[in-house]
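Topology and contacts: notes
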Amino acid sequence: MKGERTHMRKICIITSMIYPIPAVKGGAVEGLVELLVRVNEKYKKLDLTVVSLYDSGAEKESRKYKNTKFVYIKKKAMTQIKIKRVYEDPEAEDGYRVLVDRLWPRGMKKEYLKYDVWEKDITPSPELRKWFHEDTAGHWEAFSDMYRKELETSEATRNFLVSIKPYKTVTLLYASKEPVRNHARILQQFLEASLGQS
């Protein structure tokens with residue numbers, strides 16, 4: 001209105017640096033922050049700055065928002081996270097080999113599998129795993145979100161993150177025939193984000 005002074009509140013949101021914003025890799029909190037960014041894009045009420053973990057996909061996505069300033073921070077992590085089927089031959093480049101299935105892989109004798117540790121407690125809960133396997137394609141998106149939430153609140157995951165920091169390479173071993181829709185890929189992304197990799 002005429003004579004009315006426009007005043008925009010300055011707000012800076014500093015994220016936890018687990019997932020980037022925009023929420024291209026998921027995350028409940030990151031999704032809420034992105035919702036705020038979208039609302040501000042429409043109504044232009046805030047002078048908004050978001051400080052987030054660097055991710056090339058998030059940075060590209062952020063360019064569509066004209067009313068929010070994004071500041072990205074790159075974190076260097078020494079640990080590289082890889083994934084591999086348990087049935088593939090081990091290689092020296094695998095580094096620290098971690099079995100990340102709750103159940104022992106079918107047809108694999110314990111003496112034949114080369115692994116350093118079996119981390120059952122960072123795998124999907126039995127209920128979530130069972131539900132996902134009822135319809136892997138149909139449940140994939142919801143499963144991904146639910147498993148990430150389990151990882152975010154898991155003490156076992158926090159302990160695992162601490163335990164792998166001394167290793168240059170960690171290879172997560174899984175049995176699934178599905179190379180894309182499997183929990184090891186979600187776990188890999190979660191660990192990379194938590195360790196500060198893009």
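Now for a quick tour of the structure. (Residues numbered from 1 in each chain as written. Predicted model: local features only at pLDDT ≥ 70, side-chain atom pairs only at ≥ 80, totals over all residues. Heavy atoms only, no water.)

Residues Val98, Phe160, Val170, Leu172, Leu187 and Leu191 are the most contacted members of the largest nonpolar core, which totals 29 residues. For this core, the secondary structure elements donating two or more residues are strand E2 (46-53), strand E5 (96-99), helix H3 (126-134), helix H4 (136-152), helix H5 (155-164), strand E7 (169-174) and helix H6 (183-195). In terms of residues, this core owes the most to one element, H6, which gives 7 residues. With near-sequence residues (within four places) excluded, phenylalanine 160 lies in contact with Val98, Glu119, Ile122, Val170, Leu172 and Leu191. (Core = buried A, V, L, I, M, F, W, Y, C linked by side-chain atoms within 4.5 Å. Buried < 20%, exposed > 50% of the residue type's maximum accessible area, 1.4 Å probe, protein only. Helix = DSSP H or I, 4+ residues; strand = E, 2+ residues; numbered from the N terminus. Contact = heavy atoms within 4.5 Å.)

Glancing now at H4. Maximal helix bending in H4 amounts to about 40°, located at alanine 142. Along H4, the residues classified as buried are His139, Trp140, Phe143, Ser144, Tyr147, Arg148 and Leu151. Those residues of H4 hidden inside the fold are in contact with H3, H5 and H6. (Bend = angle between axes of the 7 residues up to and from the residue.)

Moving on: the layout of surface pockets. One way to see where empty space is left: roll a probe the size of a water molecule over the atoms. One number sums up the size of the largest pocket: a volume of about 610 Å³. In terms of lining, the largest pocket is formed by 23 residues, of which the most central are Asp101, Arg129, His133, Ala175 and Ser176. (1 Å grid on protein atoms, 1.4 Å probe; cavity = no way out; pocket = protein on both sides within 12 Å on 5 of 7 lines; lining within 4 Å. Points joined across faces, edges and corners; volume = space filled by probe spheres on them.)

This part covers the pattern of salt bridges. Counted under the stated rule, the structure contains 7 salt bridges. The residue glutamate 61 makes a salt bridge to lysine 64 at a minimum N-O spacing of 2.7 Å. For lysine 64, a relative accessible area of 47% gives the class partly exposed. For arginine 148, the salt bridge identified is with aspartate 145, shortest N-O distance 3.9 Å. Remark: aspartate 145 and arginine 148 occur in helix H4; sequence separation between them is 3 residues, near one turn of the helix. On the basis of relative accessibility, which here comes to 10%, the residue arginine 148 falls in the buried class. (Salt bridge = Lys/Arg side-chain N within 4 Å of Asp/Glu carboxyl O.)

Orientation of H4 relative to H6, taken along the N-to-C sense of each, is 45°, at an axis distance of 10 Å. With respect to each other, H4 and H6 are oriented oblique. As for the relative orientation of H4 and H6, their crossing is right-handed in sense. Across the interface between the two elements, Trp140, Phe143, Ser144, Tyr147, Arg148, Leu151 and Glu152 of H4 pack against His183, Ile186, Leu187, Gln189 and Phe190 of H6. For the contact of H4 with H6, the residue count by class is 7 nonpolar, 3 polar and 2 charged. (Axes fitted to C-alpha atoms, helices over the stretch in contact; angles between N-to-C directions. Parallel < 35°, antiparallel > 145°, perpendicular 65-115°, else oblique. Left-handed = near helix turned anticlockwise from the far one by under 90°. Nonpolar A, V, L, I, M, F, W, Y, C, P; charged D, E, K, R; others polar.)

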